[in-house]
Amino acid sequence: MLVSSVASMQPRKPNQGAMADLFKTLSKAARLVRKGRPMSALFAMQGGLKPPAPVKTRSPKAPRRPGAKPEAVRQMRPAPGTFGTHEFDCKDGKISFRLYTPRGSKRRSLPLVVMLHGCSQTASDFATGTGMNALADELGCLVLYPQQSQRANLARCWNWHRPRNQTRGEGEPALIAALVRHVLAIAAGNPKRVFIAGISAGGSAAAIIGSAYPDVFTAVGVHSGVARGTIRTLPSALAAMRGEGRARSSGRAARPLPTIVLHGDKDRVVHPSNAAGFLDTLERSQPGPLVSRTYCGKSGKGRDFTRKVYRSSGGNILLEDWTIHGSGHEWSGGSAFASYTDPLGPDASREMMRFFLSQRRAS
């Protein structure tokens, strides 16, 4: 350190070329003075004593890491505790959404939970009712609340019964999948740990979207919804909701993602018999022998429930089916300060998060 300090204080040796130019300038100025042209001599001195123009050099570009995003795509994750309102526009449509970023998590890559509200609800109402943001702080995950527009459906229902909203690459499934990819990019989400859940029309849509994009989602949660099947019209959807015919189809089904289903046995909007459609879909996918176990319990506020767990022969949980006894068309364990909630029931949000975070993306 001492040698470096002394060296920096020593005067630099003048450049020989610069000294030669300075001598020529002074000689020229002297000749102009002798000829009686002092102003010309002054201009010559000013021009010759200007410092040389700096040479522009380009700093070498750092090599881009494999898979690194361009500068235009890279953005900062929203601040912890942020619950922002945003708009997303792509070739599949336009949608507004709310995004919650948890407090306190030190994870560099956060799991993402997508929450689809029911009819007549908003993203904010659903967030309040489910209490999912508080769980996000506790467990360390992002929560995305897409909001259906009244242009798409006057009652803000997801249009799960329409054929174009039931397949990959079209309609609402394509729009939600594109939104998820966008949020993963702007909020540093973990693309291997993305989950989707919803209630009523949102639950039915979640089952369809998870099935259409098994490469995007890892597990599905359905509260008071209808299983995907042969429904293609509004009348057939209403019939299934009344319990006049479950959504079912013959033949082999594609293997569903791991799914947790909750349904009140006093539901007067979506008949409780629809919950059996999820087991029917699983069995038609021919997963091999299923090992089932039934648990009975009571919530801290007095609601009885029955929980059935279906595992593969290898021990992987494929389906959890919860029946909330005495509950209606409501989010079990939800806040009384929002619509369609049953504060007396077991905590559906916590049970879904337990189920989700135990899952790993299949290879």
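Whatever comes next refers back to the structure up there.
Residues numbered from 1 in each chain as written. Predicted model: local features only at pLDDT ≥ 70, side-chain atom pairs only at ≥ 80, totals over all residues. Heavy atoms only, no water.

Novice: Just checking my understanding: could you explain the overall build of the protein for this structure?
Specialist: A count of helices and strands for the protein gives 10 helices and 12 strands. Here the protein holds 363 residues, and 45% of them are scored as buried. Counting only contacts in the protein whose residues sit at least 6 apart along the sequence, the fraction spanning at least 24 positions is 64%. Within the structure as shown, the protein displays about 20,000 Å² of accessible surface, and the carbon and sulfur contribution to it stands at 56%. (Helix = DSSP H or I, 4+ residues; strand = E, 2+ residues; numbered from the N terminus. Buried < 20%, exposed > 50% of the residue type's maximum accessible area, 1.4 Å probe, protein only. Contact = heavy atoms within 4.5 Å. Areas by Shrake-Rupley, 256 points an atom, 1.4 Å probe, with all protein chains shown as cover.)

Novice: Teacher, can you tell me more about the packing of aromatic side chains here?
Specialist: Where two aromatic rings form a pair, the distance of their centres and the angle of their planes describe that pair. Applying the stated criterion across every chain, the model contains 6 aromatic pairs. Ring geometry for Phe 83 against Tyr 145: centres 5.7 Å apart, planes inclined by 70 degrees, an arrangement best described as edge-to-face. Here the residue Phe 83 occupies a position in strand E1 (residues 83-90), and Tyr 145 occupies one in strand E4 (residues 142-147), the gap between them amounting to 62 residues. Of the residues examined, Phe 83 reaches a relative accessible area of 24% and is grouped as partly exposed. Here Phe 355 and Phe 356 contribute two aromatic rings whose centre-to-centre distance is 6.4 Å and whose plane-to-plane angle is 65 degrees, an arrangement assigned as edge-to-face. Across the pair, exposure class does not vary: Phe 355 and Phe 356 are buried alike. Cluster of aromatic residues (ring-pair linked, three or more members): Phe 83, Tyr 100 and Tyr 145. Lying over the aromatic face of Phe 83, Arg 98 brings its terminal NZ or CZ to 3.8 Å of the ring centre. The positively charged end of Arg 307 is found above the aromatic ring belonging to Tyr 295, 4.9 Å away from the centroid. (Phe/Tyr/Trp six-rings, centres within 6.5 Å; stacked < 30°, edge-to-face > 60°. Lys NZ or Arg CZ within 6 Å of the ring centre and 35° of its normal.)

Novice: Please explain the sheet that holds strand E2 (residues 93-100) as it appears in this structure.
Specialist: The strands that make up a sheet pair up through hydrogen bonds in the backbone, lying either parallel or antiparallel. Read across the open sheet, the 10 strands follow the order E1-E2-E4-E3-E5-E6-E7-E10-E9-E8; overall the sheet is mixed. Edge positions in the sheet fall to E1 and strand E8 (290-298), since each of these pairs with one other strand and no more. Along the sheet, successive strands turn relative to each other by an average axial angle of 20 degrees, direction set aside. Judged from the 9 bridges that link them, E8 and strand E9 (residues 304-312) form a sheet pairing that is antiparallel. Pairing of Cys 296 across the sheet is with Thr 306, part of E9. The strands touched by helix H4 (residues 123-130) within the sheet are E1, E2, strand E3 (110-116), E4 and strand E5 (189-199), with E4 carrying the most contacts at an inclination of about 140 degrees. The strands that helix H7 (residues 201-212) touches are E3, E5 and strand E6 (219-223); relative to E5, the one it contacts most, it runs at about 145 degrees. (Pairing = 2+ DSSP bridges. Axes fitted to C-alpha atoms, helices over the stretch in contact; angles between N-to-C directions.)

Novice: Looking at this structure, how should I read the pattern of salt bridges?
Specialist: A side chain with one charge can pair with a side chain of the opposite charge if their charged atoms come near. If you walk through the whole model with that rule in mind, you get 11 salt bridges. Two residues, Arg 284 and Asp 280, come together in a salt bridge whose shortest N-O distance is 3.4 Å. Remark: Asp 280 and Arg 284 occur in helix H9 (residues 276-284); sequence separation between them is 4 residues, near one turn of the helix. With respect to class, Arg 284 is no different from Asp 280; both count as buried. We note a salt bridge from Asp 342 to Arg 303, for which the minimum N-O separation is 2.8 Å. One end of the pair, Asp 342, is in strand E12 (residues 341-342); the other, Arg 303, is in the loop between E8 and E9, and 39 residues separate them in sequence. When its relative accessible area of 3% is taken as the criterion, Asp 342 is described as buried. (Salt bridge = Lys/Arg side-chain N within 4 Å of Asp/Glu carboxyl O.)

Novice: Help me understand the pairing of E4 in this model?
Specialist: Every regular strand shows the same layout, with side chains that alternate between the two sheet faces. With 6 of 6 residues buried, E4 is to be regarded as a mostly interior element. Burial of E4 is two-sided: the residues Leu 142, Leu 144 and Pro 146 facing one way and the residues Val 143, Tyr 145 and Gln 147 facing the other way are all buried. Where E2 lies against E4, 5 bridges are found, and the strand directions are antiparallel. When the bridges of E4 are listed, Phe 97 appears paired with Pro 146. With 3 bridges joining them, E3 and E4 adopt parallel strand pairing. Opposite Val 114, over in E4, you have Leu 144 as the bridge partner.

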